[in-house]
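Residue-level structural notes
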Amino acid sequence: ILKNYAIDYHKKIFSEIEIINPKLIVCCGKGLKEIIETVYKLNDKQMNRQIIEIYHPSYYFIKENNYYKLFIKKAQNINWVCNDKEVRHILNKS
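Our subject in this report is the structure included herewith. (Residues numbered from 1 in each chain as written. Predicted model: local features only at pLDDT ≥ 70, side-chain atom pairs only at ≥ 80, totals over all residues. Heavy atoms only, no water.)

Per the secondary structure count, the chain includes 5 helices and 2 strands. When the helices and strands of the chain are placed in sequence order, the string is α-α-β-α-β-α-α. Residues classed as buried in the chain amount to 28% of the 94 residues present. When the accessible surface of the chain is totalled, it reaches about 7,400 Å², and 52% of it is carbon and sulfur. (Helix = DSSP H or I, 4+ residues; strand = E, 2+ residues; numbered from the N terminus. Buried < 20%, exposed > 50% of the residue type's maximum accessible area, 1.4 Å probe, protein only. Areas by Shrake-Rupley, 256 points an atom, 1.4 Å probe, with all protein chains shown as cover.)

In this section: the packing of aromatic side chains. When we look at a pair of aromatic rings, we describe it by the centre distance and by the angle of the planes. One pass over the full model with this rule turns up 2 aromatic pairs. Between Y5 and Y9, the aromatic rings sit 4.7 Å apart at their centres with planes inclined by 35°, giving tilted as the arrangement. Classification of Y5 by relative accessible area gives partly exposed; the value is 46%. Take Y9: its relative accessible area is 38%, and that puts it in the partly exposed class. (Phe/Tyr/Trp six-rings, centres within 6.5 Å; stacked < 30°, edge-to-face > 60°.)

Further remarks concern the nonpolar core. Of all hydrophobic cores here, the largest spans 10 residues; its members are A6, F14, I17, I25, C27, I35, I36, V39, Y40 and I51. Broken down by secondary-structure element, the contributors of at least two residues to this core are α2 (10-20), β1 (24-28) and α3 (32-42). Sort the elements by how many residues they give to this core and α3 lands first, with 4 residues. Among residues more than four places away in sequence, those in contact with I25 are I17, I36, R49, Q50, I51 and I52. (Core = buried A, V, L, I, M, F, W, Y, C linked by side-chain atoms within 4.5 Å. Contact = heavy atoms within 4.5 Å.)

Moving on to the pairing of strand β2 (residues 50-54). In this structure, β1 lies alongside β2, joined through 5 bridges in parallel fashion. Each bridged residue has a counterpart across the sheet, and for L24 the counterpart in β2 is Q50. Handedness of the β-α-β unit built from β1, α3 and β2 comes out right-handed. (Pairing = 2+ DSSP bridges. Right-handed = clockwise from strand over helix to strand, strands pointing away.)

A few words now on the pattern of salt bridges. This structure, assessed with the given rule, holds 2 salt bridges. With a closest N to O distance of 3.2 Å, K3 and E34 form a salt bridge. In this pair, K3 is assigned in helix α1 (residues 2-8) and E34 in helix α3, connecting sequence segments 31 residues apart. Relative accessible area serves as the criterion here: at 35%, K3 is assigned to the partly exposed category. For E34, a relative accessible area of 44% corresponds to the partly exposed category. In this structure, R49 engages E18 in a salt bridge whose closest nitrogen and oxygen atoms are separated by 3.1 Å. A residue pair is termed long-range when its members are at least 10 positions apart, and R49 in the loop between α3 and β2 and E18 in helix α2 qualify at 31 residues. (Salt bridge = Lys/Arg side-chain N within 4 Å of Asp/Glu carboxyl O.)

From the geometry alone we can't say anything about function, so treat these as descriptive.
Pasting the structure below:
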């Protein structure tokens with residue numbers, strides 16, 4: 001259903017992304033990165049944003065600390081600048 005919505009409203013969604021002009025898009029749920037990429041393709045544009053796809057924060061099978069660690073790992077993999085002090089604090093938290 002969400003993919004169909006994105007296809008139907010791809011021009012508006014693309015326009016909103018361009019207005020906001022984010023350096024990083026965080027997709028909280030499986031398959032959302034693909035939907036954003038589809039929106040760009042339907043607008044004949046190349047994806048020019050960094051995208052992280054991660055579990056939704058309400059996903060109850062992952063502990064909060066592990067969620068942050070996973071997010072930081074994904075952020076580091078896309079050449080994203082992280083605050084080293086904050087990262088060390090989160091990674092050392094138990």
